[in-house]
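# A structural walkthrough
Next come the chains, spelled out residue by residue.
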Amino acid sequence: MAQEILSVAVWTPIPEMEAASLATIRELTSIVNAKGYGRDLLYRGREGNYVFLRYWKSEETRRAAQEDPDMLRCWARLGNEIQIVKVFETLTEVPTDKLK
């Protein structure tokens, strides 16, 4: 079984674009779920930043999504709706029982 891959993006909406950006995120999440690419979680900080977590099912599904026209259209739109603060493309779990 393939290992999930965690990607994290921290972003803020461009002024007057918060509703539009959240609609685009909902559309992206819908595509990810419908096509079985993975699963998404969205959090909002007190400062107004959003933290978006995507658990890709595998490297193969992530590659497929990066070439998916529906996903590409949403990402292009999102680029006009948000300001990226930080992105972590691939995070690897560190088992805490192995820490010394």
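For the structure, see preceding data.
Just so you know, these numbers come straight off a predicted model, no measurement behind them.

### Things to note about the sheet that holds strand E1 (residues 5–13)
- Read from one edge of the open sheet, four strands run E2-E3-E1-E4, paired in antiparallel fashion. In the strand order of this sheet, the two ends are held by strand E2 (38–44) and strand E4 (82–91), each with one partner. When the angles between neighbouring strand axes are averaged without regard to direction, this sheet yields 15 degrees.
- One ladder, built from seven bridges, connects E2 with strand E3 (residues 50–56); its direction is antiparallel.

### With respect to helix H3 (residues 69–78)
- Those residues of H3 not exposed but buried are Met71, Cys74 and Leu78. Taken down its axis, H3 places every buried residue within 65 degrees of arc, on the same side.
- Contacts from the buried residues of H3 go to helix H1 (18–34), E3, helix H2 (59–67) and E4.
- Here H3 starts with a cap whose side-chain oxygen sits 2.7 Å from the backbone nitrogen of Asp70, and that cap is Asp68.

### Some thoughts on the pairing of E3
- Burial runs high along E3: five of the seven residues are buried.
- The sheet contact formed by E1 and E3 spans seven bridges and is antiparallel. Its bridge partner being in E3, Ser7 is matched across the sheet by Arg54.
- Counting the residues that bridge the hairpin from E2 to E3 gives five residues, and of these Gly48 lies at a positive phi of roughly 100 degrees.

Thresholds applied
- Residues numbered from 1 in each chain as written.
- Predicted model: local features only at pLDDT ≥ 70, side-chain atom pairs only at ≥ 80, totals over all residues.
- Heavy atoms only, no water.
- Pairing = 2+ DSSP bridges.
- Helix = DSSP H or I, 4+ residues; strand = E, 2+ residues; numbered from the N terminus.
- Axes fitted to C-alpha atoms, helices over the stretch in contact; angles between N-to-C directions.
- Buried < 20%, exposed > 50% of the residue type's maximum accessible area, 1.4 Å probe, protein only.
- Arc of directions from axis to C-beta.
- Contact = heavy atoms within 4.5 Å.
- Polar contact = N/O pair within 3.5 Å; in protein donor to acceptor, adjacent residues only side chain to side chain.

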